[in-house]
Each structure stands twice: as structure tokens, then as C-alpha cells.
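Architecture and fold: a report
Below are the chains, spelled out letter by letter.
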Amino acid sequence: EVEARVAEAMKTLADLGARVDQVDPGFPDARDTFWVHWTGGAYNALRKLPPEKFALLEPALQKAFDHGSRHTLDAYFDAVAGRIRRASERIGRHS
């Protein structure tokens, strides 16, 4: 959904005369690492919420909680290692 909206915004800007260049950000796609951190964090933040309060959450947040509850410890540690590696790579480029 975000990708589609960004593409639509780029087209609109280009149609208005702006120069729009799509460039490689210089680092690998971090979606999988982010997803584990985001959903795992949602699970951790909400796991002690009483059921009646949980039922009031937006469905998307409930879904993130559900996904986060199913991550293995191995998957979480892999995501942490990936995040550290990516941060180290960026720091190395800016030193």
C-alpha cells in the first residue's frame, strides 16, 4: 500500500513538471528484519493487556500482535543481528 502511494505521488510530481529520480538507497531491503522487530515489539507491548482492552485495538495492530506472538527466538535473534549489521554498515560508510 505504501509503495503504491509513493509511486502515485511520484507520478503526480512528475506530471506537474518535477524531476523525479528513483535511486538505490545503497543498502539491502530491511523489510523482514523490520517486520520481526515491529511485530515482536507489538506483541511484547500488548501481551499483558486485558482481553476487553485488546478488543478495542485496531484490527491491524491486533494482526501485528498475532504475527509477533509466533516469532521464534531464533528469528528474533537473527533480526537483531541483521539490524546490528545494517547499522554497522551505515556507520562504516559515514566514518
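Below: a short report on this structure. (Residues numbered from 1 in each chain as written. Predicted model: local features only at pLDDT ≥ 70, side-chain atom pairs only at ≥ 80, totals over all residues. Heavy atoms only, no water.)

**Considering the overall build of the chain**
Regarding its fold elements, the chain presents five helices and zero strands. Ordered by position in the sequence, the α and β elements of the chain form the string α-α-α-α-α. Scaling as 2.2 N^0.38, a compact globule of 95 residues should have a C-alpha radius of gyration of about 12 Å, whereas the chain reaches 18 Å, well beyond that. Structurally, the chain occupies a C-alpha span of about 50 × 35 × 20 Å along its principal axes. (Helix = DSSP H or I, 4+ residues; strand = E, 2+ residues; numbered from the N terminus. Rg over C-alpha atoms; globule rule 2.2 N^0.38 Å.)

**Some details on the environment of Phe54**
Relative to the elements of secondary structure, Phe54 occurs in helix α3 (residues 51–54). Residues Phe54 and Ala30, 24 residues apart in the sequence, show an inter-C-alpha distance of 29 Å. With sequence-adjacent residues up to four places away left out, Phe54 is seen in contact with Leu49, Gln62 and Phe65. (Contact = heavy atoms within 4.5 Å.)

**Topic: the pattern of salt bridges**
Overall, the coordinates contain four salt bridges when judged by the stated rule. Measuring nitrogen to oxygen at the nearest pair gives 2.9 Å for the salt bridge that ties Asp21 to Arg19. Overall, the relative accessible area of 46% leaves Asp21 in the partly exposed class. Asp66 is the partner of Arg70 in a salt bridge, and the nearest nitrogen-oxygen pair spans 2.8 Å. Note on Arg70: relative accessible area 52%, which makes it exposed. The class of Asp66 is partly exposed, set by a relative accessible area of 38%. (Salt bridge = Lys/Arg side-chain N within 4 Å of Asp/Glu carboxyl O. Buried < 20%, exposed > 50% of the residue type's maximum accessible area, 1.4 Å probe, protein only.)

**Digging into the side chain of Thr39**
Its location among the elements puts Thr39 in helix α2 (residues 31–46). What makes Thr39 buried here is its relative accessible area of 0%. One polar contact links the side chain of Thr39 to the main-chain carbonyl oxygen of Trp35, over a distance of 2.6 Å. If sequence neighbours within four positions are ignored, Thr39 has contacts with Ala64, His67, Gly68 and His71. (Polar contact = N/O pair within 3.5 Å; in protein donor to acceptor, adjacent residues only side chain to side chain.)

**Examining the packing of aromatic side chains**
How two aromatic rings sit relative to each other is set out by the distance from centre to centre and by the angle between their planes. For the structure shown, the criterion picks out three aromatic pairs. Ring centres 5.1 Å apart and planes at 40° place the aromatic pair Tyr43 and Phe65 in the tilted group. With Tyr43 in helix α2 and Phe65 in helix α4 (residues 59–69), this residue pair connects regions lying 22 residues apart in the sequence. (Phe/Tyr/Trp six-rings, centres within 6.5 Å; stacked < 30°, edge-to-face > 60°.)

**Topic: the packing of α2 against α4**
In contact at an axis separation of 7 Å, α2 and α4 are set at 100° when each is read in the N-to-C sense. In this view, α2 runs roughly perpendicular relative to α4, as classed from their interaxial angle. Here Trp35, Trp38, Thr39, Gly40, Ala42, Tyr43 and Leu46 of α2 come into contact with α4, specifically with Leu61, Ala64, Phe65, His67, Gly68 and Ser69. Partitioned by chemical class, the residues of the contact of α2 with α4 number eight nonpolar, five polar and no charged. (Axes fitted to C-alpha atoms, helices over the stretch in contact; angles between N-to-C directions. Parallel < 35°, antiparallel > 145°, perpendicular 65-115°, else oblique. Nonpolar A, V, L, I, M, F, W, Y, C, P; charged D, E, K, R; others polar.)

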